[in-house]
Amino acid sequence: MAKPRVFVSSTYYDLKHIRASLDLFVDSLGFESVLSEKGDIAYAPDIPLDESCYREVSNADIFVIIIGGRYGSEASAEKTENNKTFFDRYDSITKKEFEESSAKDLPTYILIENSVYSEYETYQKNKNNKDIVYAHVDSVNIFELIEEILLKPKNNPIKRFEKFSDIEEWLRDQWAGLFKDFLGRVSDQQQISTLSAQVHELGRISNTLKTYMESVMRQVSPEASVKLIEEEDRKLTKERQKSRIEENALYSVLVRNSEKTDEEMEGIYDEFVKIVSAARNNLEIMEKMKSKNIPEEVALRFGGLMYSRAAHGDINEIRDILGVPEIDWVSSPKRI
């Protein structure tokens, strides 16, 4: 019988006892744990070792990431010098595993050591101060990873822990809730199928009425009808684009918890679309987001996301909706 596969991602030496306990806990539930030290990852001889890990993430059903005081080894795709300072920015294998999980939209559970999260809160108040010495982390990238996780609009539940019993209790409750939600979805499936059929039928009726009305208008007033039909088609296309863009993960993060009026939100949307569709790369978008028509809090959120590959994908998804070509990802020599 197939078992749910739980991929456990973290640095090893500082968290090996937590990983071992989590392995036993996952197996006790009848699930299959996937940990590199158990030999659960099949390494391909023709690709770097970490690439095999990312591939294994995509084959998992659940993803658990544990964030402690060590950031971890640099991903093979961007290997540079070995001697990293505290403030050097780079992507670790653990971070890349998390990004692979996000790209696959796996149910994800984030565990952060309490001392590390406390220092993250200190870092938030002292981002530009490089004179502070942090006692519990070895790289500023840990704080950047936590910030990226918190900025995600969904699938980013966080549990701060001091001992393994905190983790066990939380995951047991979370996975029980996940199973209950699954049962609820199954029972609702028939209703959803019926509703979907009704919506499809309404769509067909709407298209039939549209065709009928256009035909009548062409008969009554041929010249005026062409202009009116074209204008209404443009409006309909714009509304469809807006509906899809408002569902985009990046856009929803940017405008989340906004207290703007509907009219103000329309202005923000129009300016955002104008910037994204006209820019040549991500850094140009970031610069133009400082426009007077974009609220400061929205521009700041965008700046915080600009070095996320997920944000790059979201930008190109929006450009595809707008019918413009994708943009390349440009790395800044100095990340903000």
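What you see is a predicted model, and the numbers here were worked out from it, not measured in a lab.

**Details of a negative patch on the surface**
Here is step 1: On the surface, Glu317, Asp320, Glu326 and Asp328 cluster together to form a negatively charged patch.
Here is step 2: Among the structural elements, Glu326 can be located in the segment after α12 (309–322).
Here is step 3: Glu326 sits in the exposed class, given a relative accessible area of 63%.

**Observations regarding the packing of helix α4 (residues 114–124) against helix α5 (residues 140–151)**
Here is step 1: Closest axis-to-axis distance for the α4/α5 pair is 10 Å, and the angle between their directions is 90 degrees. Classed by the angle they form, the pair α4 and α5 counts as roughly perpendicular. Between α4 and α5, the residues in contact are Val116, Tyr117, Glu119, Tyr120, Tyr123 and Gln124 and Val140, Ile142, Phe143, Glu144, Ile146, Glu147 and Leu150, respectively.
Here is step 2: Residues that form the contact of α4 with α5 fall into these classes: nine nonpolar, one polar and three charged.

**A look at the sheet that holds strand β2 (residues 32–34)**
Remark on secondary structure: sheet strands pair via backbone hydrogen bonds, oriented parallel or antiparallel.
Here is step 1: Taken in spatial order, the five strands make up an open sheet running β2-β1-β3-β4-β5, and their pairing is parallel. Edge positions in the sheet fall to β2 and β5 (158–161), since each of these pairs with one other strand and no more. This sheet shows a mean twist of 20 degrees between the axes of neighbouring strands, independent of strand direction.
Here is step 2: Here strand β4 (residues 108–113) runs beside β5; their pairing, made up of four bridges, is parallel. Bridge pairing links Ile110 to Ile158 in β5.
Here is step 3: Taken strand by strand, α5 contacts β3 (62–67), β4 and β5, and its axis lies near 140 degrees from that of β3.

Definitions and limits used
- Residues numbered from 1 in each chain as written.
- Predicted model: local features only at pLDDT ≥ 70, side-chain atom pairs only at ≥ 80, totals over all residues.
- Heavy atoms only, no water.
- Patch = residues over 30% accessible without salt bridge, like charges linked within 9 Å, V, L, I, M, F, W, Y side chains within 5 Å.
- Areas by Shrake-Rupley, 256 points an atom, 1.4 Å probe, with all protein chains shown as cover.
- Salt bridge = Lys/Arg side-chain N within 4 Å of Asp/Glu carboxyl O.
- Lys, Arg positive; Asp, Glu negative; His and termini not counted.
- Charge placed at Lys NZ, Arg CZ, Asp CG, Glu CD.
- Helix = DSSP H or I, 4+ residues; strand = E, 2+ residues; numbered from the N terminus.
- Buried < 20%, exposed > 50% of the residue type's maximum accessible area, 1.4 Å probe, protein only.
- Axes fitted to C-alpha atoms, helices over the stretch in contact; angles between N-to-C directions.
- Parallel < 35°, antiparallel > 145°, perpendicular 65-115°, else oblique.
- Contact = heavy atoms within 4.5 Å.
- Nonpolar A, V, L, I, M, F, W, Y, C, P; charged D, E, K, R; others polar.
- Pairing = 2+ DSSP bridges.

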